[in-house]
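# Chain and residue survey
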Amino acid sequence: MQQRESHSTTNTLNDVLALMDRLDGNAISVGEFCSAYEHMWNFQVDKESLPKVSLTLLETLFDEVVWFCPLPRALWEYPKYRDEGEIRLAVASALHALTGKLPTNDLVQ
């Protein structure tokens with residue numbers, strides 16, 4: 001019987017911060033960030049290895065990211081959706097809390 005090769009990777013806090021930096025540097029869009037962060041958080045981050053403070057901050061960010069909606073606010077059918085500015089603010093807040101870094105490239109518009 002052939003054993004399946006695992007394609008999952010384990011991401012560290014540094015990998016998550018690198019993704020956040022990519023949004024800060026405008027290397028990716030908010031939509032791309034949200035999709036990548038949601039996947040990374042659900043399937044690739046070893047949450048048990050994270051310090052409790054980092055885990056709490058990143059869980060809070062996840063709770064914002066999953067509600068991202070690229071549609072104009074007037075078309076929203078659910079009030080918990082988050083727009084691009086709200087996601088950028090949540091990322092900037094988490095990045096600052098985790099690293100002390102302030103947004104460098106209009107992360108908060």
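Throughout what follows, the structure given in this document is the object of discussion.

Calculation rules
- Residues numbered from 1 in each chain as written.
- Predicted model: local features only at pLDDT ≥ 70, side-chain atom pairs only at ≥ 80, totals over all residues.
- Heavy atoms only, no water.
- Core = buried A, V, L, I, M, F, W, Y, C linked by side-chain atoms within 4.5 Å.
- Buried < 20%, exposed > 50% of the residue type's maximum accessible area, 1.4 Å probe, protein only.
- Helix = DSSP H or I, 4+ residues; strand = E, 2+ residues; numbered from the N terminus.
- Contact = heavy atoms within 4.5 Å.
- Axes fitted to C-alpha atoms, helices over the stretch in contact; angles between N-to-C directions.
- Parallel < 35°, antiparallel > 145°, perpendicular 65-115°, else oblique.
- Left-handed = near helix turned anticlockwise from the far one by under 90°.
- Nonpolar A, V, L, I, M, F, W, Y, C, P; charged D, E, K, R; others polar.

A few words on the nonpolar core. Residues Met20, Phe33, Tyr37, Trp41 and Leu61 are the most contacted members of the largest nonpolar core, which totals 25 residues. Only α1 (13-24), α2 (30-43), α3 (52-65) and α4 (84-99) provide two or more residues apiece to this core. Per element, the largest residue contribution to this core is six residues, and it comes from α2. Setting aside residues no more than four positions away along its own chain, Tyr37 makes contact with Val16, Leu19, Leu58, Leu61, Phe62 and Val65.

Further remarks concern the packing of α2 against α3. The geometry of α2 relative to α3 is characterised by a closest axis approach of 10 Å and an angle of 130° between their N-to-C directions. When the axis of α2 is compared with that of α3, the two are oblique. Of the two elements, α2 crosses α3, and the hand of that crossing is left-handed. Note on element contacts: α3 touches α2 through Leu55, Leu58, Glu59, Leu61, Phe62 and Val65, opposite Phe33, Cys34, Tyr37, Glu38, Trp41 and Asn42. Among the residues forming the contact of α2 with α3, the class breakdown is nine nonpolar, one polar and two charged.

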